[in-house]
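Residue-level structural notes
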Amino acid sequence: MLLEGDFLSKIELIFRDNMPKHLNKIKEKFPKSKFYSHSRLETFNQCKRNYYWTYIDKKPQKPGVYGLLGEAAHTSLEMLYTGQEKQLNKKYFDNAFDKCELFGINFPKSKYDIKGNYKKDINNFYNVYKPIDKKNKQFISELGFILKIDDLHYLIGYIDLLVLNDDGTCEIVDFKTSSWYSDKDLSHHGYQLVLYKMAIEQLYNIPVNTVSWQFLKYCQVQIGNNKIKEALQGRNWVDKCSSQIRTLMKKKGYDSGTIDIYLSEAIINNHIDNLPDDVRNEISVNVQTRYYDVTDEVKQEYLDYVKNSIKQIESMRESEDLYELSVDQFFCQNLCGFSDICKWRTIK
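This section reports on the structure supplied with the text. Remember, predicted model here, so these are calculated numbers, not experimental data.

The subject of this paragraph is the packing of aromatic side chains. What the rule picks out here adds up to 26 aromatic pairs. Centroid distance Trp 180 to Tyr 218: 5.9 Å. Interplanar angle 55°. Geometry classified as tilted. Taken together, the residues span a long stretch of sequence, with Trp 180 in the loop between β4 (170–176) and α7 (186–189) and Tyr 218 in strand β5 (residues 208–223) at a distance of 38 residues. Take Tyr 218: its relative accessible area is 10%, and that puts it in the buried class. An aromatic cluster is defined as three or more aromatic residues linked by ring pairs; in this entry it consists of Tyr 66, Phe 93, Phe 97, Phe 107, Tyr 118, Phe 125, Tyr 126 and Tyr 129. Over the aromatic face of Tyr 158 sits the side chain of Arg 16, whose NZ or CZ is 3.9 Å from the ring centroid. If you follow Lys 148 out to its NZ or CZ, it ends over the ring of Phe 30, 5.7 Å from the centre.

Right, let's get into the packing of helix α2 (residues 38–46) against helix α3 (residues 48–56). In contact at an axis separation of 5 Å, α2 and α3 are set at 135° when each is read in the N-to-C sense. In terms of axis orientation, α2 runs oblique to α3. In contact with Ser 39, Arg 40, Thr 43, Phe 44 and Gln 46 of α2, α3 contributes Lys 48, Asn 50, Tyr 51 and Tyr 55. Grouping the amino acids of the contact of α2 with α3 by side-chain chemistry returns three nonpolar, four polar and two charged.

Take the pattern of salt bridges next. All chains considered together, the criterion is met by 15 salt bridges. When the shortest N-O distance is used, the salt bridge between Lys 34 and Glu 314 registers 3.7 Å. Taken as a pair, Lys 34 in strand β1 (residues 34–37) and Glu 314 in helix α13 (residues 296–315) lie far apart in primary sequence, 280 residues in all. Residue Lys 34 is classed as partly exposed on the basis of its relative accessible area of 36%.

The subject of this paragraph is the pairing of β4. Extensive coverage of β4 is indicated by the burial of seven of its seven residues. Residues Cys 170, Ile 172, Asp 174 and Lys 176 of β4 are buried on one face, and the alternating residues Glu 171, Val 173 and Phe 175, pointing to the opposite face, are buried as well. Alignment of strand β3 (residues 153–165) against β4, held across four bridges, turns out to be antiparallel. Looking at the pairing, Leu 164 lines up with Cys 170 of β4. Connecting β3 to the next strand, β4, in antiparallel fashion are four residues, including Gly 168 with a positive phi near 90°.

What counts as what
- Residues numbered from 1 in each chain as written.
- Predicted model: local features only at pLDDT ≥ 70, side-chain atom pairs only at ≥ 80, totals over all residues.
- Heavy atoms only, no water.
- Phe/Tyr/Trp six-rings, centres within 6.5 Å; stacked < 30°, edge-to-face > 60°.
- Helix = DSSP H or I, 4+ residues; strand = E, 2+ residues; numbered from the N terminus.
- Buried < 20%, exposed > 50% of the residue type's maximum accessible area, 1.4 Å probe, protein only.
- Lys NZ or Arg CZ within 6 Å of the ring centre and 35° of its normal.
- Axes fitted to C-alpha atoms, helices over the stretch in contact; angles between N-to-C directions.
- Parallel < 35°, antiparallel > 145°, perpendicular 65-115°, else oblique.
- Contact = heavy atoms within 4.5 Å.
- Nonpolar A, V, L, I, M, F, W, Y, C, P; charged D, E, K, R; others polar.
- Salt bridge = Lys/Arg side-chain N within 4 Å of Asp/Glu carboxyl O.
- Pairing = 2+ DSSP bridges.

This is the structure we're talking about:
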């Protein structure tokens, strides 16, 4: 995507289709250069056997349902912010969901309706999502970068959305279809945002005001002047907010019977389109945004993580038996692309 404006002239427009060309330029000048991604380092630290099969042995992986559906939701957002679609288009997700059904790419087995709940959460995202205001802003979707770590190593990656402000600053947004991050895991999950901020600031000297996730399966809701309700599961947010909605309607003079009728329909359909305008206009709902504070201390912590991970990777011999298996059973069963050939069950 090419945009006009002096601000954009500062940014090297690297995307997935032209990334190899930029990497080859570096290789031609510095033949010993090595390139890593954040996801590659994460793979190594999550499961070294997965790393071996992915990056050394290069075995084919089976597609995962979360990866395919998450990519489809990202595509909807990319099409919106690049201007290729005027509105958020659900067809990308629906098509991916149908393909998963057709080819037997399944959700984890559980006593809970994981598939149904996931679809309801994402359906709600398409119903309530409010795009970032375009006034005095420009957007670059899926911007690639190549960040030099030392004389030999580079980190490459892609930023879901870079928001350029007219005052010369920017915001970074990462879209997530995963579950909510707990506070104890927040620092580790934040590493990816740390990398994005470092890349934009160091490569282009553009101040980054905020870095954030938008959790597409979750909502933040404000009703009247009440405190914002956060991290509500998208599939039942109306039910979770029904008492506040009831109070609001009472204040506006609606009788209990009328309120019951309106609320019953709203809860069943999990949207508020049926509510009277004077009520609906005082309810603000969008997907959940969560900000992450990137301090100098956090940056250094991430750089230590990167350098230590690369050091471990490059010190290992290319022998499959040396690459240990993950101890995370959920990852092994549901997220790993090699779960059909991995013998983790017998080893454990």
